[in-house]
Amino acid sequence: LERNRVAVSLEIVEGPASSIRRIAIVGNQAFSEKELLKQLQSSTPGWLSFFTKDDQYSRQKLTADIETLRSFYLDRGYLKCNVDSTQVSIPPDKKDIYVTINITEGARYTVDQIELTGNFGVVPEPELRRLVTLKSGDTFSRAKLTETAKAISQRLGDEGYAFANINAVPQVDDAAHKVALNFVVEPGRRVYVRRVNFQGNAKTEDQVLRREMRQAEGAWFSAKD
């Protein structure tokens, strides 16, 4: 074109969308392939696939499915579970897609002992220990581990420590297939409420809404209130 410019035109032929014909999981022993496939977003064609599009391949969706599989195993004690590889095969006609997921389950781990360390000047250690959902001898679960850390953080938040830090430090014994847990409690600094603002109240005045507030300005922050 004039003034040393170039026009580029891209012509794209999309063709029909390919469907996932089969998803194979290799290496599973503790759980059946049928049970594992129920955890995935990706699926083979079914009655509702025309609306849900769950049978269409997506790299992002497959990545999410792999993480879902890992979480499934971690919540059931398989601390060393690993997704070794994934293969996506497309025939020359490009109509169907075959997905193969190779996993290594490893051994199931149980909880050995649980300790709480750190600063207990805000909430006594016995009270925080009652919030621990895991017990010695239980099968390890990352979901319960996260739930416990969140519960302790919320309890400290009720006392004004809105940015409390709870670190769960595991000590893994591969020989005995056990894991010891240490929850390190760091309350941080107490946070106070400077101001409470309301937005969108076109019909109700601020003073009416403030009468219903349990969280007062000038007081320390409370997650419960």
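Above: the structure in question.
Along every chain, residues carry numbers that run from 1 in the direction the sequence is written. For this predicted model, a pLDDT threshold of at least 70 governs which residues receive local features, and a threshold of 80 or more governs which side-chain atom pairs are given and counted, while totals over whole chains, interfaces and linings are taken from all residues. Side-chain measures were taken over the full set of non-hydrogen atoms in the model, leaving aside hydrogen atoms and water.

Asks: With reference to specific residues and values, describe the nonpolar core.
Replies: Definition used in this section: a nonpolar core is a set of buried Ala, Val, Leu, Ile, Met, Phe, Trp, Tyr and Cys residues joined via side-chain atoms within 4.5 Å. Accessible area is worked out with a 1.4 Å probe on protein chains only. A residue is then buried under 20% of its type maximum, exposed over 50%, and partly exposed in between. If you look at the biggest cluster of nonpolar residues, it comprises 19 residues, and the most contacted ones within it are Ile114, Leu116, Ile152, Leu156, Ile166, Leu181 and Phe183. Each helix corresponds to a stretch of at least 4 residues labelled H or I by DSSP, and each strand to a stretch of at least 2 residues labelled E; elements are numbered beginning at the N terminus. Mapped by element, the contributors of at least two residues to this core are β4 (110–118), α5 (142–157) and β6 (178–186). Only heavy atoms enter the contact rule, under which two residues are in contact if any of them lie within 4.5 Å. Setting aside residues up to four positions removed in sequence, isoleucine 152 forms contacts with Leu116, Leu128, Leu131, Ile166 and Val185. Phe72, Tyr73, Cys81 and Ile103 belong to the second largest nonpolar core, which has 18 residues in total.

Asks: Kindly report on the pattern of salt bridges, identifying the contributing residues and their values.
Replies: By salt bridge we mean one thing: a side-chain nitrogen of Lys or Arg within 4 Å of a carboxyl oxygen of Asp or Glu. All told, the structure shown has 10 salt bridges when counted by the stated rule. Of the charged contacts in the structure, one is a salt bridge between arginine 22 and glutamate 33, with a shortest N-O distance of 3.7 Å. Here arginine 22 is found in strand β1 (residues 19–26), whereas its partner glutamate 33 is found in helix α1 (residues 33–37), with 11 residues between them in sequence. A salt bridge links glutamate 67 to arginine 142, with the shortest nitrogen-to-oxygen separation between them at 3.7 Å. Taken together, the positions of glutamate 67 in helix α3 (residues 59–74) and arginine 142 in helix α5 put the pair 75 residues apart, joining distant regions of the chain.

Asks: If you had to explain the packing of aromatic side chains to someone new, which residues and values would you point to?
Replies: Classification of ring pairs uses Phe, Tyr and Trp, with its six-membered ring standing for Trp, and accepts pairs whose centres are within 6.5 Å; under 30 degrees between planes counts as stacked, over 60 as edge-to-face, and the remaining range as tilted. For the structure on display, the rule yields 5 aromatic pairs. Cluster of aromatic residues (ring-pair linked, three or more members): Phe31, Phe72, Tyr73 and Tyr78. Lying over the aromatic face of phenylalanine 72, arginine 76 brings its terminal NZ or CZ to 3.8 Å of the ring centre. Comment: the charge-over-ring label is applied if NZ (Lys) or CZ (Arg) is within 6 Å of the ring centre and within 35 degrees of the ring normal. A cation sits over an aromatic face here: arginine 190 above tryptophan 220, 3.9 Å from the ring centre.

Asks: Which residues make up the environment of valine 208, and what are the values?
Replies: Along the chain, valine 208 turns up in helix α6 (residues 206–210). Note on valine 208: relative accessible area 31%, which makes it partly exposed. Spatially, the C-alpha atoms of valine 208 and threonine 86 are 59 Å apart, while their sequence positions differ by 122 residues.

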